[in-house]
Amino acid sequence: MWKKTTGWLFEVQKRNGILEEKDRRLYEYAYGVLLGRVAIYLITVILGIATGNWLEMLVFLLPFTVLRQYAGGIHLEKAGSCMIVSSILVLLCGQYLASGSAVMWQIRIIWLAAVGVIFVMAPVDASSKKLDVKEKKVYGMRARVILVIECAIAGVFSVTGYSLIVKGLMVAHIVLASGLILGWIKIFFDKELEVTNYR
């Protein structure tokens, strides 16, 4: 269905003289990314309305997606799997944030470790999209700047008493750090399999 939709979008623009055939692969990929994001946000809105936790989901999703686009992490091969896992992840994080539990010192330690992991590891490229040296440098710098800004926001809101925003940022960083570690492990084992299969 994704391929049909992205192909149709390209064909409409090609017929109208906006795009040329040589650009098909690039635009079909871009449309796929756009449709994937729209679908995830739509699912999040529906889940948020259904559970009454739309604000909590938004507080988690905004810092997570802004930082993840530069930090990278694990990527699932199929769009359907990605949407299902992402939706479950956003739902669970929204439920946790809605529980109203206090930010305990253990969570703060885990969060600080997660910030360290993101700072050191970002960006982790996907096995399907390798970053060159220049891209790694640019993405890494942007990820670190965004991370520092988000940590500063957490600090300000911690002082002013907006604990939901602080918890949302902490959970987003913990989940993202986990994704970076899993992405690195996946790339490591993909390389090991390539070496083993090459011999």
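These lines cover the structure that appears in this document, whether it is placed above or below. Counting restarts for each chain, with residues numbered from 1 along the sequence as it is written. With pLDDT at 70 or above as the cut-off, local features in this predicted model cover only qualifying residues; side-chain atom pairs require 80 or more to be listed or tallied, and sums for whole chains, interfaces and linings still use all residues. Side-chain measures here rest on the full set of heavy atoms in the structure, leaving out hydrogens and waters.

### Observations concerning the layout of surface pockets
Piece 1. Grid points spaced at 1 Å over the protein atoms alone were grouped into cavities, where a 1.4 Å probe fits but cannot get out, and pockets, open sets with protein on both sides within 12 Å along at least five of seven lines, with lining residues defined by an atom within 4 Å of a point. Grid points are joined across faces, edges and corners, and a volume is the space filled by probe spheres set on the points. The space that makes up the largest pocket amounts to roughly 2100 Å³.
Piece 2. Listed by contribution, the elements that provide at least two residues to the lining of the largest pocket are helix H1 (2–15), helix H2 (24–51), helix H3 (54–71), helix H4 (79–98) and helix H7 (163–198).
Piece 3. For helices the rule is a DSSP run of H or I covering at least 4 residues; for strands it is a run of E covering at least 2, with both sets numbered from the N terminus onward. Considering each element in turn, the lining of the largest pocket owes the most residues, 10 residues, to H2.
Piece 4. Throughout, the ten residues Ala, Val, Leu, Ile, Met, Phe, Trp, Tyr, Cys and Pro are labelled nonpolar, Asp, Glu, Lys and Arg are labelled charged, and all others, Gly among them, are labelled polar. Here the lining of the largest pocket is built from residues that sort into 26 nonpolar, 14 polar and 10 charged.

### Thoughts on the environment of Ser101
Piece 1. Here Ser101 lies in the loop between H4 and helix H5 (105–121).
Piece 2. Not counting residues up to four positions away in its chain, the partners in contact with Ser101 are Tyr96 and Lys167. Residues count as neighbours in contact if any of their non-hydrogen atoms are within 4.5 Å of one another.

### Observations regarding the packing of aromatic side chains
Piece 1. Two rings belonging to Phe, Tyr or Trp (six-membered ring only in the last case) form a pair when the distance between their centres is within 6.5 Å. Interplanar angles under 30 degrees mark stacking, angles over 60 mark edge-to-face geometry, and anything in between is tilted. Overall, the coordinates contain 4 aromatic pairs when judged by the stated rule.
Piece 2. Measuring from ring centre to ring centre gives 5.2 Å for Phe60 and Phe64, while their planes differ by 20 degrees; the resulting arrangement is stacked. Residue Phe60 and its partner Phe64 are both found in helix H3; the two are separated by 4 residues, about one turn of the helix.
Piece 3. Per-residue accessibility, obtained with a 1.4 Å probe over protein chains only, is compared with the maximum for each type, and a residue is labelled buried under 20%, exposed over 50%, and partly exposed between these values. Here Phe60 falls in the buried class, since its relative accessible area comes to 0%.
Piece 4. Aromatic pair Tyr70 and Tyr139: ring centres 5.7 Å apart, planes at 75 degrees, arrangement edge-to-face. Here Tyr139 lies in helix H6 (residues 133–160) and Tyr70 lies in helix H3, a separation of 69 residues in the sequence.
Piece 5. The side chain of Arg144 reaches across the aromatic face of Phe119, ending 5.5 Å from its centre.
Piece 6. Over the ring of Tyr96 we find Lys167, and its NZ or CZ is 5.4 Å from the ring centre. Only when the NZ of Lys or the CZ of Arg is both within 6 Å of the ring centre and within 35 degrees of the ring normal is a charge said to sit over the ring.

### What about unusual backbone geometry?
Piece 1. Going from Ala122 to Pro123, the amide bond is cis rather than trans, its omega being 0 degrees.
Piece 2. When you line up the elements, Pro123 lands in the loop between H5 and H6.

### Some details on the side chain of His173
Piece 1. Among the secondary structure elements, His173 is positioned in helix H7.
Piece 2. Those residues within four positions of His173 in sequence are excluded, and the remaining contacts are Leu67, Trp111, Ala114, Val115, Ile118, Leu147, Glu150 and Cys151.

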